Each structure stands twice: as structure tokens, then as C-alpha cells.
Amino acid sequence: MSVTSKSPVVLQVRDLACERDGRRLFEGLDFSLPSGAAIQVKGANGAGKTTLLRTLIGSSSDFSGEILWRGNPFPEALRGMRESLLYIGHRGGVRAGLTPLENLTWYGADNESALQALDRVDLFGFEHSLCHSLSAGQNRRVALARMFLPQAPRLWVLDEPLTALDVAGVAALEKQMSAHMDKGGSILLTSHQPLALPGLDFIDLSDFVVDESFTDIGGEHVFS
Amino acid sequence: MAWQWFHRLGSPRWFYQKTNVWLPWLALASVVLLSVGTVWGLGFAPEDAKQGNSYRIIFIHVPAAFLALAGYYIMAISGAIGLIWKMKLSFAVMRAAAPIGAVLTFISLFTGAVWGKPTWGTYWVWDARITSMLILLFLYIGVMALSQAVSREQVADKASALLALVGTVNIPIIYKSVDWWFTLHQPATIRLTESSSIDPSMFYPLLTMIIGFYCMYAWTLLTHTRALLLRREVRTQWAQQELAGGK
Amino acid sequence: MSSVDVQPPVSEARTSPGFVALFRIEMLLALRKRADIANPLLFFVTVLALLPLGVGPEPDLLAKMAPGMIWVMALLATMLSQESLFRGDFEDGTLEQLTLLPQPLYFAVLAKSLVHWVATGLPLALLSPLLALMLNLPVEGYLCLFISLFLGTASLSLIGAIGAALTVALRRPGLLLALIVMPLYVPVLIFGTGAVQAAIDGYAYSAQLAILAALLAAAAALAPLAAAGAIRISLDN
């Protein structure tokens, strides 16, 4: 299904401002992520891409503004959001002491679909090796294999999913993301590489950077 | 209304400018009370029947011990306010309170040891109160060490606030258990002086000293908090104005 | 155009692992790293074997010191092994994923603390009669030593989790962790050794054990909450 004006909005952000180390990273951010859509967050290093993603999944509370999950504001809606969230951060969340198969089943997959997902990310034959014996790229693939599970959650929040992937890996990932969108899923991601994803929207954080001359809020800046 | 006041009090600039007015008065009160209390306590209060002049160290020991404990709660409560309402000011108060409280704890331990020599014949006795004070010192040091070890200021604030709160829950348990432990191991010859029967002629100078210590504590805490705020807010206009000496 | 029939929907709620699943996976990981289980035990035995070399072999002196020394060493062994409680999970990102589970982080911390106890405190308690024998502890103290260590080390695992969570993002947390956690261990140490001493002296010791159990109940209720808060703070680093 393609995104239409009728597609229900999954995640909405109103007048969001984030801070880190007492410095305002960006402010006045407004966007909504409908079902079946994907948004790529752009910005220079240190612009606050990761901070934005972490704020949107409820891991950082240093923000002002409103975040709504299906029309309900944070933090009340947080639990509901986490029930349909797949987040893959810089650190993939792959336990080094487990095998790829065990890692995926821990994330709620049954054996058969976990094996299929591992096959899709080119880890056939490594299902039963311990993850700390795999390479960095292979570990990344184990993390990304969660996207290939049939019961993958509705909202994907991906922080630099393409790092350490080869060309074929990137292509497979793009295909999977677009299939996810076709099924009505939503994707929010950061990436330094361009993605071949039909209907991809962009947010450039440098458009929302605080103008230095306005950083002074005259000491009325009470809450950190 | 009340909320607005709370909000205003949370503003570093408002706090900085308000306390500017309070500081001289607090300084004056502490100097007067502490000098009066010291002269009264050391010069005019009568000698103790059993301990002679050596008891006079309580005029420092007791107020320091009072504030060492109260200071921990002040630190923990401002940390809790910071965690709940994310107020910058209260985190600054918490960070400022830690070293002051640690120094007061050390003073009370040190004076306790000095007092112990003529009273018990030894500098260190594993007495219930002394041991509890020692553990309080360790709790203070833990909070300070943690806040120093975490490199990001905001994270350090929250982490040490949480540790201070955990300590608050533990302090009564530690006190009770140390008390119980002491009664178990207490040799019959060593008895603490019963502080309940203190003569008014000794009590009033002690009270003066306690109030004087409270004023001095408030003065030190405010000064330290102000310095911290200025450093943290150095990028803002008001801090620049204050640093330039303008009003 | 949009009247295309709805595709098979993306699943709404994901099955999130319950307490039992969390416990089982942690247990599996602990069993795969057997050295991590063996090291605290070896430390415990080695240091206590050094004690007579330090203070001399007189049986009476050893017997007098035994309850306190065994307890202090159990405390150190627990604490030293606590540094790695959340470290691996922090480094590979699992800790972050645990904070994103729909159910409270409390249960994940409780499961990890419980596994830590099963892997360190429980073997220490089981091993304690052997050390009691080596240190000439009077026989009346054996049962009490075991029960007090059984209850007490569980509290230590729970309380230590707070320190481990607060220091997980630091590069070298070892000594800082000790500094933070040691004062919090005091009540457990006092009532643990107190119980054993009472048993040796022929007094009733059930009161001390009851207090140890009460401390454990309080720690199980509160410590994982504090540790969960600490994890969320540390992950912001």
C-alpha cells in the first residue's frame, strides 16, 4: 500500500527540542511518520541524529515538545510503542555468548523462521557458532536479521543500519525495508549512505539547528 | 502561583541574584553566633565534673556531627528533586553539598578522636556512633567519587543523585545495625557519657554553636552552589554579566 | 486506489520474554562462562587459606576469627565478581534492548541478580563448611554459617547490582564500585557474622537470621528498582 493522506499517523512529533551536555542540538522539529512510510534523518556528525532516535524510543527524557504515539502523548504511550518497536542501535544487541540462532529466538522468533532469517542475511552455516567468534560484519548481520523475521514489529528505528555491510547486504536490506513499508510498517533511520528506497522522506537536522545568537535564554532556562 | 514560585526558584539566574542579598546576612549571623558560642563555651561554661575541660570539644563535635548527617539528607533530597523535576539548580545544590558534608563528617570524626584520648585513653574506639560516622564518610566519598568519575556532567548529576538516595534508604538500617553490633561487643568499662542530662549552662552555648554551624553551613552551601552555577551557565548572558561585574 | 485489500498486517504486539525466559538465558550464559563462576570461589578459598599463614596456626585464634573472616571474604568475592554483571550486555547493546522491552526493567535486573547469586553466593555458601573446618570453627556454627551466607549473599548480589549499574559505562570501575557498594554492605555483614557468633556461643540465632531474611526481602523489592534507574542513567552516556 502506498502512503496516502488516509494512512494513519503512527508517530508524531511537535515542536521537539533536544539537549545534550547543556547544549541545545536542535529545536522546532515537527514531523509525522505515517504507516507505510520511511524517513531518513540526515545531519552532520554530532547534529543529534542518535539523540533524536533515542528520544523517540523513550530512552532519553531530556527534551521539550510533544511526542505522540498513535495520538497518545509520551510517556503514557511509551509501553504501547515499545510493544511494536524494533530498534537497532550502534550496538546491535547481539549477545556474544549466544549463537545467532539463540539470539534470534530470544527476541521472540521460532526456530524455523529464525533459520530462514539467518539464511536471508547470508549467515547460513553459522547458526550454531557463538557470536563472539563471528566477525563484526557478521554480528551486524545477526542484529539486522531481526528485520527478516516474519513477526517483525510495526515500527523500525534503525541507527546506521548499513554500516559494515557489503553491496549485496545493502541491497537485501533495502528490499526488506520496502517490503516492510508495503505491509504498512514504518521506518525511521539514520544513514550516511544514500538508500534506494521508493517514497523515502528526509529530515535534515541542520535545518533545525539553534541559531547561536539565540542560544542565550537569559537564565530562564530552568529544566535541564 | 505556588508552581510559578517553584519555577522561579529553579532558575539559576534568579537564584544567583536572590542569594546575593542573603549571603552577607548569613555570613554576619555565622560569624557572630560562632564567636559568641566559642567564647561562651570555652571561657564561661562551667567545667564538667567528670571530664574536666576536655568535654569542651563538644561545642565543635556535636554541631559538626549534626550537620554531617543533616547534610546528607539535604544532598539526597536536592538530588531527588533534580531527578524528578529535572531542575538544574537542585543538582548544583546536591553537588555542592557533598564535599561540605564530607568535611563536616571528617571534623566530627577528628574531634571525636581528640576527645577520645583523654576520655577513653585512646584515639580510636569502635563506638557505635563513631563507626556510623565513619560509614557516613564512606557514603559521602562514594557519591563524590562517582560524580568525579562520570565524564558527562548531566549523567554524573543523575547518577550521584541516585546513589545519594540509595544511601538515604540505607542510613537508618546502617545506624540500627551498628548500634546493635556495638551493644553486642561493648566492653563493660566503656560507657558513653549520657548526653541527656546536660546542664543549661552548657546547653545554651552548645545551642548557639549549633545554630551558628547551621548558618555557616547555609552560607558555604550557597557560595559553593553559586560558583558551580556560574561555571555551568558560563555561556549564558546573565553569567557573563555577573562575571564582568555588572549587575 | 487505496481500496486495495489490506495486506497481511504487521504483527502488533511482539512476544516479549518473561521473567523465566530472562532467567534461563542468563543461566545459560553463566554456564558457558564457567571461569566466571570458578574465579570468585577460588579467590574465596585461596585468601582464606592464606589467613593462617598470616596470623599463625593456633586453633583458638583461628576459631575466633573464622566467622568474621569467612564473611568478609564472601563479601569481597561477591563484590569483585559484580563488576562484570552488566558489562557484557552493555558492550554488545543487549542492555539497551532490555530497556526497550514493554515490561519493566526491574524483572531483567532481578533475573540477572538471581543468576549472579546462583553462580557466586550459592556455591560460596555450599563451600563454607569446608572452610569452617579448615579454620577450626566450632561445629555449632556450621549450620548457621551456611544459612547466613545463603541469605546474606543474595542481598549482596542485589545491592551490588546498583553499584554495577551505576558504573557500567565507566572504563575502569573496579575500585569505584567497591567504594560505592561497601558501605551499603555493612548491615548484612554485621548480622551475618552476628548470627554465626551467637550460634558458636550457644545462644539463639534465629533473630539475626530473620533480620537477614528481612534485609533480603527489602533488597529484592528495592535494589532492582534502583539498579534499573541507574541503568537508564548510565546508558545515556
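Definitions and cut-offs
Residues numbered from 1 in each chain as written. Chains lettered and ligands numbered in written order. Predicted model: local features only at pLDDT ≥ 70, side-chain atom pairs only at ≥ 80, totals over all residues. Heavy atoms only, no water. Helix = DSSP H or I, 4+ residues; strand = E, 2+ residues; numbered from the N terminus. Buried < 20%, exposed > 50% of the residue type's maximum accessible area, 1.4 Å probe, protein only. Contact = heavy atoms within 4.5 Å. Buried area = accessible area lost by both parts, 1.4 Å probe. Salt bridge = Lys/Arg side-chain N within 4 Å of Asp/Glu carboxyl O. Polar contact = N/O pair within 3.5 Å; in protein donor to acceptor, adjacent residues only side chain to side chain. Nonpolar A, V, L, I, M, F, W, Y, C, P; charged D, E, K, R; others polar. Core = buried A, V, L, I, M, F, W, Y, C linked by side-chain atoms within 4.5 Å. Expected span 1.5 Å × (residues − 1).

1. Observations regarding unusual backbone geometry
All names here are of chain A. The phi dihedral of Asp 15 is positive, around 50°, even though this residue is not glycine. On the secondary structure map, Asp 15 appears in strand E1 (residues 9–20). Its relative accessible area of 48% is what places Asp 15 among the partly exposed residues. A positive phi angle, close to 50°, is found at Arg 70, a residue other than glycine. Mapped onto the elements of the fold, Arg 70 is located in the loop between strand E4 (63–69) and strand E5 (72–73). With a relative accessible area of 38%, Arg 70 lands in the partly exposed category.

2. Some points on the environment of A:Arg146
All names here are of chain A. Examined against the element boundaries, Arg 146 turns out to sit in the loop between helix H5 (136–144) and strand E7 (155–159). Since its relative accessible area comes to 5%, Arg 146 is described here as buried. With 63 residues separating them along the chain, Arg 146 and Val 209 place their C-alpha atoms 34 Å apart.

3. Considerations on the interface of chain C and chain A
Across the contact, 35 residues belong to chain C and 40 residues belong to chain A. The junction of chain C with chain A conceals about 3100 Å² of combined surface from both sides, 49% of it contributed by carbon and sulfur atoms. Summed over the shared surface of chain C and chain A, the result is 3 salt bridges. Across the pair C:Glu96 and A:Arg54 runs a salt bridge, and its minimum N-O distance is 2.8 Å. The tally of links between chain C and chain A comes to 12 residue pairs in polar contact (both at pLDDT 80 or more). Contributions of two or more residues to the side of chain C that touches chain A are made by helix H1 (19–32), helix H4 (87–91), helix H5 (94–99) and helix H9 (206–235) of chain C. Residue contributions to the side of chain C that touches chain A peak at 7 residues, all from H1(C). Taken together, the residues of the side of chain C that touches chain A break down into 15 nonpolar, 10 polar and 10 charged.

4. Digging into the nonpolar core
Within the largest apolar cluster, 146 residues are counted, with the highest numbers of intra-cluster contacts made by B:Tyr72, B:Met75, C:Phe44, C:Ile70 and C:Phe86. Looking at which element gives the most residues to this core, the answer is helix H8 (residues 174–200) of chain C, with 15 residues. Excluding anything up to four places from it in sequence, B:Tyr72 contacts B:Leu136, B:Leu139, B:Tyr140, B:Val143, B:Leu163, B:Ala164, B:Gly167, B:Thr168 and B:Ile171.

5. Looking at helix H6 (residues 105–134) of chain C
Spanning 30 residues, H6(C) covers 42 Å between terminal C-alpha atoms, matching the ideal 44 Å at 1.5 Å per step. Among the residues trailing H6(C), C:Asn136 stands out with phi positive, at a value near 65°.

That is the geometry; function is a separate question.
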